[in-house]
Amino acid sequence: MDVRTLCLGALYLGEASGYEIKKAFEEGPFSHFQDASFGSIYPALGRLSSEGLVDCTQMAQEKRPDKKVYRLTEKGNLVLMESLMTPPAPDRVTSDFFFLLYFSDLLPPRQMRLLIDKRIVFYQETIKRMSDCDPSTFPMGRQLCHGLGMTIYKSSLDYLEQHKHAFPSEGSSLPPLSTSKTSGRLVL
């Protein structure tokens, strides 16, 4: 999904500054399924404003520069709905943890076990936080997102708990790395 549509979606939930939109992607409702950086949000907001899809109001702040607050216009709302009609691209999982698992043969087993234990705690805390809210108050689509997210996190937690013993917690070391050259091709 392009950052333009992401910003329109964030503003559909209510007026916000660029910083508040960024927070929605870091720790808010979109943090589990989309990324957007300041470097992409602010140019997108500028384009959306020049296209008449959002209005911008500058609010004075004490001892700080004026804060720009953006609001979705009726035209922006229509463009958002039109954008949402486009079929989504296939899901992509971007995860530093997955990358580390992929190359776990290059790390000491104890280090991998520690990383897995930390990820288990992360899943437990996330599941707890998600369990503390009442999704029945959400619109149906958000209820489905909540339920699917809980299913993914619970399944990931179960899987790691069942397989964490693949990496011994003490002792073992890795065999030395081979010095022979490989073909340079990626094999999946």
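The structure we're discussing is the one just above.
Quantities reported herein were computed from a predicted structural model and do not represent experimental measurements. (Residues numbered from 1 in each chain as written. Predicted model: local features only at pLDDT ≥ 70, side-chain atom pairs only at ≥ 80, totals over all residues. Heavy atoms only, no water.)

Caption draft 1: Inspection of the overall build of the protein at higher detail. Within the protein, the secondary structure is distributed over 7 helices and 3 strands. Beginning at the N terminus, the succession of helices and strands in the protein can be written as α-β-α-α-β-β-α-α-α-α. Per-residue burial for the protein yields a buried fraction of 27% across its 188 residues. At a minimum sequence separation of 6, the contacts of the protein that also span at least 24 residues come to 58%. (Helix = DSSP H or I, 4+ residues; strand = E, 2+ residues; numbered from the N terminus. Buried < 20%, exposed > 50% of the residue type's maximum accessible area, 1.4 Å probe, protein only. Contact = heavy atoms within 4.5 Å.)

Caption draft 2: The arrangement of unusual backbone geometry in detail. Although it is not a glycine, Lys-63 adopts a positive phi angle of roughly 60°. For Lys-63, a relative accessible area of 82% corresponds to the exposed category.

Caption draft 3: Layout of the pattern of salt bridges. Within the structure shown, the criterion is met by 8 salt bridges. Put simply, Lys-23 and Glu-27 hold a salt bridge, and the shortest N to O gap is 3.4 Å. Note on Glu-27: relative accessible area 60%, which makes it exposed. Between Asp-117 and Arg-113 there is a salt bridge whose closest N-O contact spans 3.7 Å. Placement of the pair is Asp-117 and Arg-113 together in helix 6 (residues 109-131), with a separation of 4 residues, close to one helical turn. Taken together, the shared-partner salt bridges connect Lys-22, Lys-23, Glu-26 and Glu-27 into one network. (Salt bridge = Lys/Arg side-chain N within 4 Å of Asp/Glu carboxyl O.)

Caption draft 4: Fine view of the side chain of Asn-77. Turning to its location among the elements, Asn-77 is positioned in helix 4 (residues 74-84). Exposure remark for Asn-77: the relative accessible area of 17% places this residue in the buried category.

Caption draft 5: Spatial organisation of the side chain of His-146. Assignment of secondary structure puts His-146 in helix 7 (residues 140-163). If near-sequence neighbours (up to four positions away) are discounted, His-146 is found in contact with Met-130, Cys-133, Pro-135 and Phe-138.

Caption draft 6: Focus on helix 4. Gly-76, Asn-77, Val-79, Leu-80 and Ser-83 are the residues of helix 4 that are buried. Projected down its long axis, helix 4 carries its buried residues within an arc of 165°, all on one side. Residues of helix 4 that are exposed and angled more than 90 degrees away from the buried face: Glu-74 and Glu-82. Turning to helix 4, the residues buried within the fold contact helix 1 (3-12) and strand 3 (64-72). (Arc of directions from axis to C-beta.)

Caption draft 7: Inspection of the packing of aromatic side chains at higher detail. Enumeration according to the criterion identifies 6 aromatic pairs in this entry. Ring centres of Tyr-102 and Phe-103 lie 5.1 Å apart, and the angle between their planes is 75°; this geometry places the pair in the edge-to-face category. A residue is classified by how much of its surface remains accessible, and Tyr-102, at 43% relative accessible area, is partly exposed. Judged by its relative accessible area of 34%, Phe-103 falls in the partly exposed class. Joined through ring pairs, the aromatic side chains of Phe-99, Tyr-102 and Phe-103 make up one cluster. Residue placement shows Arg-119 over the ring face of Phe-122; its charged tip is 5.2 Å from the ring centre. Looking at Arg-119, its charged tip hangs above the ring of Tyr-123, at a distance of 6.0 Å from the centre. (Phe/Tyr/Trp six-rings, centres within 6.5 Å; stacked < 30°, edge-to-face > 60°. Lys NZ or Arg CZ within 6 Å of the ring centre and 35° of its normal.)

Caption draft 8: Structural detail: the pairing of strand 2 (residues 54-61). Examined bridge by bridge, strand 2 and strand 3 share 7 bridges and lie antiparallel to one another. Bridge pairing in strand 3 links Thr-57 to Val-69. (Pairing = 2+ DSSP bridges.)

Caption draft 9: The arrangement of the nonpolar core in detail. Ranked by internal contacts, the top residues of the largest apolar core, which has 22 residues, are Cys-7, Leu-8, Leu-11, Ile-21 and Leu-45. Per element, the largest residue contribution to this core is 6 residues, and it comes from helix 1. Counting residues in hydrophobic clusters, the runner-up holds 12 residues, among them Ile-120, Ile-127, Met-150 and Leu-160. (Core = buried A, V, L, I, M, F, W, Y, C linked by side-chain atoms within 4.5 Å.)

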